[in-house]
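Fold and contact review
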Amino acid sequence: MLKLFGSLSIRAKLLLGYLAPFILFLAAGALILYPHIRRTLEANIESELKNTPKTILNMVKTAADVSVKNYLRAVAEKNRDIVEASYRLYQQGRLNEQEAKQRAISILLSQRIGETGYIYCLDTKGIIRVHPVNALLGADLTQYGFIQQQLNNREGYVEYDWKNPGETTMRPKALYMTYFQPWDWIISVSSYREEFHKLIHIDTFRESILSIRFGQTGYPYI
């Protein structure tokens, strides 16, 4: 080895003299940095595995929220049109006002929202004017927070916790309301959120979920 080194030109010896320490420096640096790089990579992988399920959950939740809100809004606006049609019959003199209101009420109460939901109306003083439970007609419900929201907004989407008579636990409920001014009716369409699961179409986010990859072979599944 020494004989071979001695036969090299001065330029080659100088190059080798500088290169050898540089290689040793790189090797030492790699040995020192490797554990840090490995820990960083492992931390990044762990973070990705932890955050991706949250991202998927938020994507599904957003799709559910939009579907429920749009569905309830469509039903509320359709029923406001129904009430308005009955009001026009009254204006045209084809029905008296009480008959027109009764016609609208019959149509509103004939509908089922989800499995247990329904349509009801209250006035801007918080008094129930239309409800499938006759005992609640004329009741003042202003003590409830979601009723206060309806009185303040009169239009829009509301979520709140509620339990029907005979139930023991509160469950999330969704409501969309719209206002019919001539009769001072806040028309509210409401049901438990869990009853809208059929509105969620898996194909809406299937492709997005299946496009996610971890490394070369990893993937998410539900």
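In this report, we go over the structure that sits alongside the text.

Rules used in this analysis
Residues numbered from 1 in each chain as written. Predicted model: local features only at pLDDT ≥ 70, side-chain atom pairs only at ≥ 80, totals over all residues. Heavy atoms only, no water. Helix = DSSP H or I, 4+ residues; strand = E, 2+ residues; numbered from the N terminus. Polar contact = N/O pair within 3.5 Å; in protein donor to acceptor, adjacent residues only side chain to side chain. Contact = heavy atoms within 4.5 Å. Buried < 20%, exposed > 50% of the residue type's maximum accessible area, 1.4 Å probe, protein only. Arc of directions from axis to C-beta. Core = buried A, V, L, I, M, F, W, Y, C linked by side-chain atoms within 4.5 Å. Salt bridge = Lys/Arg side-chain N within 4 Å of Asp/Glu carboxyl O.

In this fold, Ser190 is placed in strand 5 (residues 185-192). Within the structure, the side chain of Ser190 is placed 3.0 Å from the side chain of Tyr160, a separation counted as a polar contact. What Ser190 contacts, discounting residues up to four positions off in sequence, is Ile113, Gly117, Tyr118, Tyr120, Tyr160, Lys173, Ala174 and Leu175.

All of the buried residues in helix 4 (residues 145-153) are Phe146, Ile147, Gln150 and Leu151. Taken down its axis, helix 4 places every buried residue within 145° of arc, on the same side. Those residues of helix 4 hidden inside the fold are in contact with strand 1 (118-122), strand 3 (156-162), strand 4 (171-180) and strand 5. A positive backbone phi angle near 65° is found at Arg154, which sits one or two residues after helix 4.

This paragraph deals with unusual backbone geometry. The backbone of Arg154 sits at a positive phi, close to 65°, despite the residue not being glycine. Locating Arg154 in the fold gives a position in the loop between helix 4 and strand 3.

Among the nonpolar cores identified, the biggest contains 22 residues, and Leu72, Val83, Trp183 and Trp185 are the most heavily contacted of them. At the level of elements, helix 2 (10-91), helix 3 (97-109), strand 1, strand 4 and strand 5 are the ones that each hand at least two residues to this core. In terms of residue count, helix 2 provides more of this core than any other element does, 6 residues in total. Setting aside chain neighbours within four positions, we find Trp185 in contact with Val83, Lys101, Ala104, Ile105, Leu108, Cys121, Leu122, Arg129, Val130, Thr178, Tyr179 and Phe180.

Next up on the list: the pattern of salt bridges. Tallying each qualifying case throughout the model produces 8 salt bridges. Close ionic contact of Glu155 with Arg80 constitutes a salt bridge, the shortest N to O distance being 3.8 Å. One end of the pair, Glu155, is in the loop between helix 4 and strand 3; the other, Arg80, is in helix 2, and 75 residues separate them in sequence. Of the residues examined, Glu155 reaches a relative accessible area of 39% and is grouped as partly exposed. Residues joined by salt bridges that share partners form a network here, namely Lys61, Asp65, Glu159 and Arg193.

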